[in-house]
Amino acid sequence: DVRTPSFLNTKLILNRNNNLVEFNKRIEKIELINDIYVQEFNNEYILLKINYLGNLEKMIKKLKDENIILKFTNDEWNLKLI
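Source: prediction; values computed, not measured. (Residues numbered from 1 in each chain as written. Predicted model: local features only at pLDDT ≥ 70, side-chain atom pairs only at ≥ 80, totals over all residues. Heavy atoms only, no water.)

Side note on the overall build of the chain
Our working rule: Each helix is a run of H or I in the DSSP string that is no shorter than four residues. Each strand is a run of E no shorter than two, and both are numbered from the N terminus. Radius of gyration: C-alpha atoms only; globule rule: 2.2 Å multiplied by the number of residues to the exponent 0.38. Relative accessibility under 20% of the residue-type maximum defines a buried residue, over 50% an exposed one, and the middle range a partly exposed one, all with a 1.4 Å probe and only protein chains included. Any two residues whose heavy atoms approach within 4.5 Å at even a single point are treated as in contact. Each accessible area value is a Shrake-Rupley result obtained with a 1.4 Å probe; residue values ignore everything except the protein chains displayed when judging cover.
Along the chain, the regular secondary structure elements total two helices and five strands. Reading the secondary structure of the chain in the N-to-C direction produces β-α-β-β-α-β-β. Rg of the C-alpha trace for the chain: 12 Å, near the compact-globule value of 12 Å for 82 residues, within the 12% margin. On the principal axes, the C-alpha backbone points of the chain span a range of 35 × 25 × 20 Å. Looking at the chain as a whole, 32% of its 82 residues qualify as buried. If you take every contact in the chain between residues at least 6 apart in sequence, the share linking residues at least 24 apart comes to 61%. In the structure as shown, the chain presents an accessible area of about 5600 Å², 48% of it carried by carbon and sulfur atoms.

Structure below.
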């Protein structure tokens, strides 16, 4: 059901390319996202809990449209700005 919210726990690695301000600008353009909760924040990464509507495939496509790659590696979801 599209109206049922889903949650995605993911990690954004912070480096020169994965800048938090740029990430925020891009993520605000995605209408599927209801809210983002910061679970943990340090100088290396940010653990995020993303509340979104729809299915995961649609979310991945919307992220890709904003040049954000979501990949599942080593048993965790990771975001990367391109």
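From this point on, the discussion continues.
Points about the pattern of salt bridges
To keep it simple, the criterion reads: Here a salt bridge means any side-chain nitrogen of Lys or Arg lying within 4 Å of a carboxyl oxygen belonging to Asp or Glu.
Applying the stated rule across the entire model yields four salt bridges. Among the ionic pairs, E22 bridges to R26, the shortest N-O distance being 2.9 Å. Residue E22 and its partner R26 are located together in helix α1 (residues 20-27), separated by four residues, close to a single helical turn. Since its relative accessible area comes to 13%, R26 is described here as buried. E31 is the salt-bridge partner of K62, the closest N and O atoms lying 3.0 Å from each other. Placement of the pair is K62 in helix α2 (residues 56-65) and E31 in the loop between α1 and β2 (33-41), with a sequence separation of 31 residues. Under the relative-accessibility criterion, K62 is labelled partly exposed at 25%.

Quick word on the pairing of strand β3 (residues 45-53)
The cut-off we apply is this: Here, any two strands with at least 2 DSSP bridges between them count as paired.
Inspection of the sheet shows strand β1 (residues 5-13) paired to β3 by nine bridges, in the antiparallel sense. Across the sheet, residue S6 finds its bridge partner in β3, namely Y52. Turn length for the β2-β3 hairpin, with the two strands adjacent in sequence and antiparallel, is three residues.

Notes on α1
The periodicity of an α-helix, 3.6 residues per turn, causes residues three or four positions apart to be oriented the same way. Under the convention used in this document: Arc definition: directions from the helix axis to the C-beta atoms.
Those residues of α1 that fall on the buried side of the exposure criterion are F23, R26 and I27. Angularly, the buried residues of α1 cover 95° about the axis, an arc narrow enough to put them on a single face. Of the surrounding secondary structure, the elements contacted by the buried residues of α1 are β1, β2, β3, α2, β4 (68-73) and β5 (76-81).

Focus: the pairing of β2
The side chains of a regular strand alternate between the sheet's two faces. Note: β2 against β3, seven bridges, orientation antiparallel. When the sheet's bridge partners are listed, V38 is paired in β3 with L48.

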